[in-house]
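Structure assessment
Spelled out from the first residue to the last, the chains are:
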Amino acid sequence: MEAEFWHQRWKENRIGFHQADFNRWLQDVWLARKGEEPVLVPLCGKSGDMLWLNRQGHPIDGFELSELAIGQFFSENDLTETVTEVGPYRCHRHGTLSLYQGDFFAAPALGRRYRLAYDRAALIALPTPMRRQYAELMSCLIEPNGQVLLVTLEYQPEQQKQPPFSVGEMEVRTLFERDFGVEVLGRSAELDHPRVQSGQLSYFDEVAYRLTRRA
Ligand SMILES: C[S@@+](CC[C@H](N)C(=O)[O-])C[C@H]1O[C@@H](n2cnc3c(N)ncnc32)[C@H](O)[C@@H]1O
């Protein structure tokens, strides 16, 4: 997806992907409550999940293209922000919450690696060729034995041709199994999703994985 697509979505407030509540998988299966370990949050939007993680004690490094999204994150949560230039990014910071405004694919320029990452609606926001690049980038950014909590969506792909894309277990394994152990943590059917209710989608499942970077 081009950057302009996402800027337009934020400008028009077409952000159906944003969840008011904390993600259920995050709350149920986030086992790594090692407070001081920083968490990488790619394509973070204005997700409140970053607050949940930060309240567990984790410093957060979120990456987001949209300045609007980042501005809304801080204002809606009554947080003041300081802004500095860091490498190719504008870094918006409050305490140990850092949101890097710019293209996630430029992250190697920061020279950081992570032991923990949280991907909800990041992989599935990207079209097929970019998903391959994303998996390669995550391999570079995650340290050996580091873990990613990955939350994807599955529906009949021919029923919707725009983000969020349906990414099935076979594709997750193809993308990540070279460098990560892939474990399915669970699946939940979103029966009350508006597109299921309206009949546009026959089913809509949220699937959670734990990816463990091979040593
Ligand atoms: C489907 S939304 C998910 C947001 C968030 N993870 C959540 O759970 O609400 C995808 C987000 O990724 C951002 N995005 C898309 N491509 C990006 C890129 N290359 N670098 C940084 N952010 C990107 C979009 O602006 C959008 O906010």
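Numbering of residues starts from 1 in each chain and follows the order in which that chain's sequence is written. A pLDDT threshold of at least 70 governs which residues receive local features in this predicted model, and a stricter bar of 80 or more applies before side-chain atom pairs are shown or counted, although totals over entire chains, interfaces and linings include all residues. Calculated side-chain values reflect all of the structure's heavy atoms, with hydrogen atoms and water omitted.

Going by what an unreviewed UniProt entry lists, the protein is known as Thiopurine S-methyltransferase and is assigned to Aeromonas eucrenophila. The Catalytic activity (unreviewed entry) field of the UniProt record for the protein holds the comment "S-adenosyl-L-methionine + a thiopurine = S-adenosyl-L-homocysteine + a thiopurine S-methylether." UniProt positions are given in the numbering used here, feature names are shortened, and annotations may be inferred rather than shown by experiment. Here is the UniProt Subcellular location (unreviewed entry) comment for the protein, exactly as written: "Cytoplasm".

Here the rule is simple: two strands pair whenever DSSP picks up at least two bridges between them. Put simply, DSSP H or I for four residues or longer makes a helix, DSSP E for two residues or longer makes a strand, and each gets a number counted from the N terminus. Spatially, 9 strands are ordered β3-β4-β5-β2-β1-β6-β7-β9-β8 in an open sheet, and the strand pairing comes out mixed. Here the strands that pair on one side only, and so sit at the sheet edges, are β3 (82-86) and β8 (180-189). For this sheet, the mean inter-axis angle between neighbouring strands, taken without regard to orientation, is 20°. The sheet contact formed by strand β7 (residues 142-154) and strand β9 (residues 205-213) spans 8 bridges and is antiparallel. Fitted lines through C-alpha atoms serve as axes, helices being fitted only where they are in contact, and the angles separating the N-to-C directions of these axes extend from 0 to 180 degrees.

Moving on, we get to the site of the ligand. In these notes, residues near a molecule or strand are those with any non-hydrogen atom within 4 Å of it. Looking at the ligand, there are 16 residues lining it, with Leu43, Glu64, Asp103, Phe104 and Arg120 nearest. Two N or O atoms form a polar contact when they lie within 3.5 Å of each other; inside protein one atom must be a possible hydrogen donor and the other a possible acceptor, and for residues adjacent in sequence the pair counts only when both atoms belong to side chains. Side-chain polar atom of Trp10 to an oxygen atom of the ligand: 2.9 Å apart, as the coordinates give it. Taking Asp103, its side chain carries an N or O atom lying 2.9 Å from a nitrogen atom of the ligand. For the area figures, the Shrake-Rupley method with a 1.4 Å probe applies, and any residue is considered shielded solely by the protein chains shown. Here the ligand has 590 Å² of accessible area as a free molecule, and 97% of this is covered by the chains. Classifying every residue of the shell around the ligand by side-chain character gives 10 nonpolar, 3 polar and 3 charged. Gly counts as polar in this scheme, as do all residues outside two lists: the nonpolar Ala, Val, Leu, Ile, Met, Phe, Trp, Tyr, Cys and Pro, and the charged Asp, Glu, Lys and Arg.

Looking at chain direction, strand β6 (residues 114-120) and β7 are connected through 6 bridges and run parallel. Bridged to Asp119 within β7 is Leu150. For the crossover that starts at β6, traverses helix α5 (residues 128-141) and ends in the parallel β7, the hand is right-handed. Crossover handedness is defined here as right-handed if the route from the first strand over the helix to the second strand goes clockwise, with the strands pointing away from the viewer.

What follows is about the layout of surface pockets. Here the term cavity refers to a set of points on a 1 Å grid, laid over the protein atoms alone, in which a 1.4 Å probe fits but cannot get out; the term pocket refers to an open set having protein on both sides within 12 Å along at least five of seven lines, with lining residues being those that place an atom within 4 Å of a point. Grid points are joined across faces, edges and corners, and a volume is the space filled by probe spheres set on the points. Looking at the second largest pocket, its volume works out to about 200 Å³. Around the second largest pocket sit Thr128, Arg132, Ala135, Glu136, Ser139, Glu171, Thr174, Leu175, Phe176, Arg178 and Asp179, which together line it. Sorting the residues of the lining of the second largest pocket by element identifies α5 and α6 (169-176) as the ones contributing at least two each. For the lining of the second largest pocket, a count of residues per class yields 3 nonpolar, 3 polar and 5 charged.

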